[in-house]
Amino acid sequence: MMKTPVIQRADYTVYFEYHDGNTFIHCDCHRWSKTVRQNLIHDTDVLIGLQDYPVYALHEIGDIKHLKFLERAKFTYLLNVMCTDGKERQVFERKV
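Residues numbered from 1 in each chain as written. Predicted model: local features only at pLDDT ≥ 70, side-chain atom pairs only at ≥ 80, totals over all residues. Heavy atoms only, no water.

## Some details on the overall build of the protein chain
Counting its secondary structure elements, the protein chain contains 2 helices and 6 strands. Mapped from its N terminus to its C terminus, the protein chain presents α and β elements in the order β-β-β-α-β-α-β-β. At 13 Å, the protein chain has a C-alpha radius of gyration in line with the 12 Å of a compact globule built from 96 residues. Projected onto the principal axes, the alpha-carbon positions of the protein chain cover approximately 35 × 30 × 20 Å. Taking all 96 residues of the protein chain together, the buried fraction comes to 35%. For the protein chain, the share of sequence-separated contacts (at least 6 apart) that also reach a separation of at least 24 residues comes to 44%. Carbon and sulfur atoms make up 53% of the accessible area of the protein chain, which amounts to about 6200 Å² in all. (Helix = DSSP H or I, 4+ residues; strand = E, 2+ residues; numbered from the N terminus. Rg over C-alpha atoms; globule rule 2.2 N^0.38 Å. Buried < 20%, exposed > 50% of the residue type's maximum accessible area, 1.4 Å probe, protein only. Contact = heavy atoms within 4.5 Å. Areas by Shrake-Rupley, 256 points an atom, 1.4 Å probe, with all protein chains shown as cover.)

Okay, here's the thing in C-alpha cells:
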C-alpha cells in the first residue's frame, strides 16, 4: 500500500491510499489554524466531490481533535477494525 499525494499546499498534504478496492484519505498537517482547517475542509470537499465512490478515513481511538475534524469534514462512523499492528481503530466514511 502506498499513499499518493492528491493535494499539496504549504500547510498540508492530502493523500489517497488504495486498499482492497477502497480509497482511504490521509493528511499531514504542517501548520494548524482556523484558516488552515477551513481550507483543508474546502479542499477535501472538492476532492471527494470528484469521486464517484465513498472515501474512508482511519481514526485512532481517543484522538479527540481528529474526531472533531472528521465530523466537521462530514465523515461518519462506520465500524471498528483490528489493524495489522494489533491496534483497534475506527473507520469513518464520507459518501459522495
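## A short note on the side chain of Gln90
Counting through the fold element by element, Gln90 comes out in strand β6 (residues 88–94). For Gln90, a relative accessible area of 18% corresponds to the buried category.

## Some details on the pattern of salt bridges
Tallied over the full model, the rule gives 7 salt bridges. Two residues, Arg31 and Asp11, come together in a salt bridge whose shortest N-O distance is 3.0 Å. Here the residue Arg31 occupies a position in the loop between β3 (22–29) and α1 (34–49), and Asp11 occupies one in the loop between β1 (3–8) and β2 (12–19), the gap between them amounting to 20 residues. Exposure remark for Arg31: the relative accessible area of 46% places this residue in the partly exposed category. Between Arg94 and Asp45 there is a salt bridge, and its shortest N-O distance comes to 3.0 Å. Placement of the pair is Arg94 in strand β6 and Asp45 in helix α1, with a sequence separation of 49 residues. (Salt bridge = Lys/Arg side-chain N within 4 Å of Asp/Glu carboxyl O.)

Bear in mind that shape data such as this cannot, by itself, settle questions of function.
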